[in-house]
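Residues per chain, in single letters:
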Amino acid sequence: MTAGWLTSGQVPQVARYWPGAADLDLDELGALLTSAAAQCDAYAPQVTITIPVDGVDTEVEGIAPGNYLHAQVLQARALYRSTMAGSGDQIGPDGQAVQVFPMDWTVKLLLRPKGRPRIG
């Protein structure tokens with residue numbers, strides 16, 4: 001698993017993307033962030049860095065970049081909202097409900113940005 005995902009001990013950083021997170025119980029926020037990190041890590045390309053080990057360049061697991069952390073917080077917020085959704089996976093009164101998705105396209109694009117492949 002990629003290192004450096006956000007935890008409940010980093011509320012100010014989490015609150016940049018989800019201001020309401022500061023109002024949650026730290027245990028609940030921690031569980032949401034852990035679950036979101038696991039989901040994002042499974043979807044995102046692995047981050048690796050190359051470091052010299054005994055004079056040989058070696059690829060090792062890297063630290064989650066900023067776009068991954070942004071995606072983690074958005075996914076944690078989506079997970080939180082899904083706990084308030086009814087059996088139809090919707091939040092809100094009838095006729096004004098908003099559909100809740102397991103991982104929306106915004107999160108996916110933060111983890112796997114679209115673009116033209118680079119050769120070379």
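Look above for the structure.
Figured I'd write up the structure that's included with this text.

1. Notes on the packing of aromatic side chains
Tallied over the full model, the rule gives two aromatic pairs. Between Trp5 and Tyr68 the ring centres are 6.0 Å apart and the planes differ by 15°, which places this aromatic pair in the stacked class. Of this pair, Trp5 sits in the segment before α1 (11-17) while Tyr68 sits in helix α3 (residues 66-82), and the two are 63 residues apart along the sequence. No difference in accessibility class separates Trp5 from Tyr68, as the two residues are buried. Between the aromatic rings of Trp18 and Tyr80, the centroid separation amounts to 5.8 Å while the plane-to-plane angle is 50°, which identifies the pairing as tilted. With Trp18 in the loop between α1 and α2 (26-43) and Tyr80 in helix α3, the pair connects residues that are 62 residues apart, well separated along the chain.

2. Some remarks on the nonpolar core
Counting residues in each nonpolar core, the largest one holds 27 residues, and the members touching the most others are Val14, Trp18, Leu29 and Leu111. Within the residue set of this core, elements represented by two or more residues are α1, α2, α3 and α4 (105-111). When near neighbours in sequence (up to four residues on either side) are disregarded, Val14 contacts Leu6, Thr7, Ala21, Leu29, Leu33 and Val73.

3. Some thoughts on α2
The end-to-end C-alpha separation of α2 is 25 Å, in line with the 26 Å expected for 18 residues at 1.5 Å each. Taken as a whole, α2 has its buried residues at Leu29, Gly30, Leu32, Leu33, Ala36, Ala37, Cys40 and Asp41. The buried side chains of α2 occupy one side of the element, clustering within an arc of 165° when seen end-on. Across α2 from its buried face, at more than 90 degrees, point the exposed residues Asp27, Thr34 and Ala42. Looking at the packing, one finds that the buried side of α2 touches α1, α3 and α4. At the N-terminal end of α2, a side-chain oxygen is found 3.0 Å from the backbone nitrogen of Asp27, two or three residues along, and the residue is Asp25.

Cut-offs used in this document
- Residues numbered from 1 in each chain as written.
- Predicted model: local features only at pLDDT ≥ 70, side-chain atom pairs only at ≥ 80, totals over all residues.
- Heavy atoms only, no water.
- Phe/Tyr/Trp six-rings, centres within 6.5 Å; stacked < 30°, edge-to-face > 60°.
- Helix = DSSP H or I, 4+ residues; strand = E, 2+ residues; numbered from the N terminus.
- Buried < 20%, exposed > 50% of the residue type's maximum accessible area, 1.4 Å probe, protein only.
- Core = buried A, V, L, I, M, F, W, Y, C linked by side-chain atoms within 4.5 Å.
- Contact = heavy atoms within 4.5 Å.
- Expected span 1.5 Å × (residues − 1).
- Arc of directions from axis to C-beta.
- Polar contact = N/O pair within 3.5 Å; in protein donor to acceptor, adjacent residues only side chain to side chain.

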